[in-house]
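Chain residues, written in single-letter form:
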Amino acid sequence: MKKQNTTSKITRKEAIKKMGKYAALTAVGTFVILNPLSAQSSSAPDPGGNPFG
Amino acid sequence: MENNLAPTYQYLFGEHWVLWYSTSNSYSIVEPSFKTILNYYLQSETIECFATKVSNDDKTIDTKAISITIANYLNSCNEYVNSIAHKNLEIDFTHRRILKQYAIKDKIIQIYFDSELVLKTIHPALAHCLIEPNDNAQITFDIYLKNEQLYLFKDEKIISCVPKRDYHLIQGKFIMQLLCSIHNKEENDWIGTFHGSTITNGSKSILFVGESGKGKSTLCALLCANGFELLADDVSPMLSKNKNIYFNPSAISIKQGAFNVLQPIIPNFDNLPIVQFNKTKGLIKYLPCRSPKKDNYKCATIILVNYENKSETILKTVSVKTLLERLIIDSWISPDISNAKQFLDWLGTIKIYELTYSDTKSVTQKITEIFK
């Protein structure tokens, strides 16, 4: 988990959007925010390569 | 303060609170100490009232800084995500160049593809269900590439349209719609489609999850060769009403890195067709399995899979937090409020393990023990 004062390198919005996960250590304990995929997806986009180049 | 940003549901699992926010469909896992402060914040009518409550517990806390932390936390948890609607997109029938029909459960499904390239994204996993075309199809899909976008239609209505690089979203949406058709359900009937593979022993099932490339599908192929049955590979759908995982007809996809592990174990492995997506990347084989006797099974166990070369077979219990940090970000989970409640209720009933393995015989034995 990241300390709150190091998250300036990536904003909360960017973290959640890119990774679906944002975690922080605060003075009163830790939290993590997890976002499920917004649409159904098959496995990781590159199991054997992108067929469309 | 800001009660409109409060979590919709709050569940305590062991040492962690799991909070669900309906505005954003976000799940948040917090420590009890954080939850206490969050509660003070939501219950207090003013900042002064909040500061008093916090100071009563711990005079050293910087209440102003904490109130900002909590406010930012609540905003992050409630960031609304717009869903994309495609209501006005009309189907283009000129792209109906290749027709394939499949028999799945009691349904005949037909798919029109516009090219071999598009066909390669969907057909190989269902090739074992292929039948000679006839006039009896009950459901029709159209999938085509047009203007660098991939389109998916079901019975001539638009389901999804994505840039071609996001073809995995078309695959996912197609599987969802296929599952709805074969099980006679609507999208809103599902708790979610978990990114994982599910195996059954004929009376109950185990869901295997984990990062891509950690051995889920390989393990399932091994288990299927040792008497277990595949319920779902890669996309495991859970129905809200009964919290059971349902049959997904797709064959197990096996990456080239697992060929040498499975070749000695799977009968006729060398004759399975190879699918090449891209010349510079690896190859894939699809392993169809015998359909299980029922089309849905209760799932009371989840295993996080980790293949590690030369490791012993190690099984250990892990927390709901460890599970959710893997499961949620990789899976589609329904934003519907009653489905979210079903999901959270189910999490309280299951056993969760992490499995590290390298030896195929030993891991099969371990899974057999878990089923018992």
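Reading the values: rules and limits
Residues numbered from 1 in each chain as written. Chains lettered and ligands numbered in written order. Predicted model: local features only at pLDDT ≥ 70, side-chain atom pairs only at ≥ 80, totals over all residues. Heavy atoms only, no water. Helix = DSSP H or I, 4+ residues; strand = E, 2+ residues; numbered from the N terminus. Buried < 20%, exposed > 50% of the residue type's maximum accessible area, 1.4 Å probe, protein only. Contact = heavy atoms within 4.5 Å. Areas by Shrake-Rupley, 256 points an atom, 1.4 Å probe, with all protein chains shown as cover. Lys, Arg positive; Asp, Glu negative; His and termini not counted. Charge placed at Lys NZ, Arg CZ, Asp CG, Glu CD. Pairing = 2+ DSSP bridges. Axes fitted to C-alpha atoms, helices over the stretch in contact; angles between N-to-C directions. pLDDT = per-residue confidence, 0-100. Buried area = accessible area lost by both parts, 1.4 Å probe. Salt bridge = Lys/Arg side-chain N within 4 Å of Asp/Glu carboxyl O. Nonpolar A, V, L, I, M, F, W, Y, C, P; charged D, E, K, R; others polar. Core = buried A, V, L, I, M, F, W, Y, C linked by side-chain atoms within 4.5 Å.

(A) Region of interest: the overall build of chain B. Looking only at helices and strands, chain B has 10 helices and 21 strands in total. For the C-alpha atoms alone, the extent of chain B along its principal axes is close to 75 × 55 × 40 Å. Of all 372 residues assigned to chain B, the portion counted as buried reaches 55%. The contacts of chain B with a sequence gap of at least 6 include a subset with a gap of at least 24, amounting to 66%. Roughly 16,800 Å² of accessible area belongs to chain B as shown, and the carbon and sulfur atoms make up 47% of that amount. Each charge sign in chain B was given a centre, from 40 positive and 39 negative side chains, and these centres are 5 Å apart.

(B) Structural detail: the sheet that holds strand E9 (residues 157-163) of chain B. Residues and elements named next belong to chain B. If you walk across this open sheet you meet the 6 strands as E6-E4-E5-E7-E8-E9, and the pairing is mixed. Two strands bound the open sheet, and with one partner strand each, they are strand E6 (130-131) and E9. Sheet topology note: the strand E4 (residues 98-104)/E6 ladder contains 2 bridges and is antiparallel. Within E6, the residue paired with Gln 101 across the bridge is Ile 131. This element, helix H4 (residues 116-126), spans E4, strand E5 (107-113), E6, strand E7 (139-146) and strand E8 (149-154) of the sheet and lies at about 15 degrees to E4. Relative to the sheet, helix H5 (residues 167-183) contacts E4, E5, E7, E8 and E9, its axis offset from that of E8 by approximately 5 degrees.

(C) Structural view of the sheet that holds strand E3 (residues 26-30) of chain B. Taking strand neighbours across the sheet as the criterion, the 5 strands line up as E1(A)-E2(A)-E3(B)-E2(B)-E1(B) in an open arrangement whose pairing is antiparallel. The open sheet has two edge strands, strand E1 (21-26) of chain A together with strand E1 (9-13) of chain B, and neither has a second partner. Taking each pair of neighbouring strands and ignoring which way they run, the sheet shows an average axis angle of 20 degrees. In this structure, strand E2 (residues 16-21) of chain B lies alongside E3(B), joined through 5 bridges in antiparallel fashion. Among the inter-strand pairings, B:Trp17 is bridged to a residue of E3(B), identified as B:Val30. In the packing of helix H1 (residues 32-43) of chain B onto the sheet, contacts are made with E1 and strand E2 (29-34) of chain A together with E1, E2 and E3 of chain B, and the angle to E2(B) comes to roughly 45 degrees. Those strands touched by helix H8 (residues 320-330) of chain B are E1 and E2 of chain A together with E1, E2 and E3 of chain B, and its axis lies near 30 degrees from that of E2(A).

(D) Here's a closer look at the confidence of the model for chain B. Overall, the prediction assigns chain B a mean pLDDT of 93, with 97% of residues at 70 or greater. Our summary of model confidence lists the complex with pTM equal to 0.92 and ipTM equal to 0.92.

(E) Representation of the interface of chain A and chain B within the structure. Taken together, the contacts link 35 residues of chain A with 54 residues of chain B. In total, about 3,900 Å² of surface goes out of reach between chain A and chain B, with carbon and sulfur atoms giving 61% of it. Of all residues in chain A, A:Val28, A:Gln40 and A:Phe52 bury the most surface against chain B, accounting for 23% of the area lost on that side. Where chain A packs against chain B, one counts 1 salt bridge. Close ionic contact of B:Glu325 with A:Lys21 constitutes a salt bridge, the shortest N to O distance being 3.7 Å. For the side of chain A that touches chain B, the elements supplying multiple residues, two or more each, are helix H1 (12-19), E1 and E2 of chain A. Looking at which element gives the most residues to the side of chain A that touches chain B, the answer is E2(A), with 6 residues. Its residues assigned to classes, the side of chain A that touches chain B shows 17 nonpolar, 14 polar and 4 charged.

(F) Spotlight on the pattern of salt bridges. All names here are of chain B. Applying the stated criterion across every chain yields a total of 16 salt bridges over all chains. For Lys 164, the salt bridge identified is with Glu 148, shortest N-O distance 3.2 Å. Placement of Lys 164 in the loop between E9 and H5 and of Glu 148 in the loop between E7 and E8 is noted, with a sequence separation of 16 residues between them. For Lys 164, a relative accessible area of 24% translates into the label partly exposed. Between Glu 229 and Arg 290 there is a salt bridge, with its nearest N and O atoms 3.6 Å apart.

(G) The nonpolar core, seen in detail. Residue and element names in this part refer to chain B. Counting 69 residues, the largest nonpolar core has Phe 174 and Phe 343 as the members making the most contacts within it. No other element matches H5, which puts 9 residues into this core. Contacts of Phe 174, omitting those with residues within four sequence positions, involve Ile 111, Ile 122, Leu 126, Phe 141, Ile 143 and Leu 152. Formed by 29 residues, the second largest nonpolar core is a distinct cluster that contains Leu 219, Leu 230, Phe 259 and Ile 367.

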